[in-house]
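Architecture at a glance
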Amino acid sequence: MAARVTGRVSAPAVLVGHSWGGFVITAAGTDDRVGALVYIAALAPDAGESTEALIGKFDPPPLFSHLDSEDGRLWIARAGISHFCGDLPEEERQLVWATQGAPRAELLGTRTDEVAWRSKPSQYIVAKQDHAINPELERFMAERIATTVEADTSHVPMLSRPELVLDSIRAAARQI
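The paragraphs below set out a description of the structure included in this document.

Right, let's get into the overall build of the chain. Counting its secondary structure elements, the chain contains eight helices and six strands. For the chain, the sequential pattern of α-helices and β-strands runs α-β-α-β-α-β-β-α-α-β-α-β-α-α. Compactness check: the chain gives a C-alpha radius of gyration of 16 Å against a globular reference of 16 Å for 176 residues, within 12% of the reference. By residue count, 44% of the 176 residues in the chain fall in the buried class. Sequence-distant contacts, at least 24 apart, represent 63% of the contacts inside the chain between residues at least 6 apart. Accessible surface computed for the chain: about 8,900 Å², of which carbon and sulfur atoms make up 52%.

In structure tokens, the structure reads:
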């Protein structure tokens, strides 16, 4: 999907990935049409690393005890939504819960050999109050790859601090 999108642009693109989407931009970002990457509280594997291996480097985040597995997909239980987006007003939390995407559980074992952050300028937003990805894991990944911004947010800074995210995207675009 990401390759189809980058195939439609003529200028260098900035790929932005949140959560597991960081895994996607890490691989897709090797395309010559990609000029920079922005990771938002995201997974940023190195060659051969799986999501499962990355997550296992640090204590599991609180959200993990509030995940349901059904039909091979992972869902956030209603009681766990505050661990995903606890800095949003209650009405917005419920909207996030009701519209959540449910990734396939098998994605946790996926590995990539292509690692765009090794050759492309990258920005990383560490969400210091993240209960979906351990903030220590985010710092670990950010330190090895990117210019880092730390934000006092939950797992969804693009919803709670959109101006911060926009600033990071603009900074990445200036690096192209």
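Time to look at the pairing of strand E3 (residues 67-70). Where E3 and strand E4 (residues 73-76) come together, four bridges link them in antiparallel fashion. Among the inter-strand pairings, Asp 68 is bridged to a residue of E4, identified as Trp 75. Counted between consecutive antiparallel strands, the loop separating E3 from E4 contains two residues, among which Asp 71 sits at a positive phi close to 55 degrees.

It is worth spelling out the packing of aromatic side chains at this point. Under the counting rule described, the total for this entry stands at three aromatic pairs. Here Arg 78 stacks its cationic end above the ring of Trp 97, 3.8 Å away from the centre of that ring.

Conventions adopted
- Residues numbered from 1 in each chain as written.
- Predicted model: local features only at pLDDT ≥ 70, side-chain atom pairs only at ≥ 80, totals over all residues.
- Heavy atoms only, no water.
- Helix = DSSP H or I, 4+ residues; strand = E, 2+ residues; numbered from the N terminus.
- Rg over C-alpha atoms; globule rule 2.2 N^0.38 Å.
- Buried < 20%, exposed > 50% of the residue type's maximum accessible area, 1.4 Å probe, protein only.
- Contact = heavy atoms within 4.5 Å.
- Areas by Shrake-Rupley, 256 points an atom, 1.4 Å probe, with all protein chains shown as cover.
- Pairing = 2+ DSSP bridges.
- Phe/Tyr/Trp six-rings, centres within 6.5 Å; stacked < 30°, edge-to-face > 60°.
- Lys NZ or Arg CZ within 6 Å of the ring centre and 35° of its normal.

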